[in-house]
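The chain contents come next:
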Amino acid sequence: MTITRIETGLRMSEVVIHGDTVYLAGQVGDGESVTAQTKSALEEIERLLGLAGSSKSHILRATIWLADMADFEEMNAVWDGWIADVPAPTRATGEAKLATPDYKVEIIIIAAVA
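Residues numbered from 1 in each chain as written. Predicted model: local features only at pLDDT ≥ 70, side-chain atom pairs only at ≥ 80, totals over all residues. Heavy atoms only, no water.

Caption draft 1: Molecular detail of the pattern of salt bridges. Taken as a whole and assessed by the stated rule, the structure comprises three salt bridges. Notably, a salt bridge pairs arginine 47 with glutamate 7, separated by 2.9 Å at the nearest N-O pair. In this pair, arginine 47 is assigned in helix α1 (residues 34–51) and glutamate 7 in strand β1 (residues 3–8), connecting sequence segments 40 residues apart. Using a relative accessible area of 37% as the deciding quantity, one classes glutamate 7 as partly exposed. Where glutamate 44 meets arginine 47, a salt bridge forms, and the shortest distance between an N and an O atom there is 2.7 Å. Of this pair, glutamate 44 and arginine 47 are both found in helix α1, three residues apart, which corresponds to roughly one turn of the helix. Linked by salt bridges that have partners in common, Glu7, Glu44 and Arg47 make up one network. (Salt bridge = Lys/Arg side-chain N within 4 Å of Asp/Glu carboxyl O. Helix = DSSP H or I, 4+ residues; strand = E, 2+ residues; numbered from the N terminus. Buried < 20%, exposed > 50% of the residue type's maximum accessible area, 1.4 Å probe, protein only.)

Structure, rendered in structure tokens:
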């Protein structure tokens, strides 16, 4: 099977497509709040899925890391609105120390090609 890489840098690719599966690198967003960072990350996820020939309706699995589980409800408020019009994927959410103290949320996506 062919492997396609999109937006490849020295350290990583933002998107890897293998067969009919799309793998996104962890996406973090801009802004001060969990709400702003989640919205920003989800916008970037939609853009990257589009480049890969997929969409949020084809997400198979989401892994969400929060710097603080106290932000779970705030992140969920954004997430729930974002997936309201598509079938919900499988999802896991946990707490982790993220790459910088400024990051509050990181979202990793696996999707099917549309």
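Caption draft 2: Molecular detail of the side chain of threonine 38. Tracing the chain through its elements places threonine 38 in helix α1. Threonine 38 has contacts with Met75, Val78, Val105 and Ile107, leaving out every residue within four places of it along the chain. (Contact = heavy atoms within 4.5 Å.)

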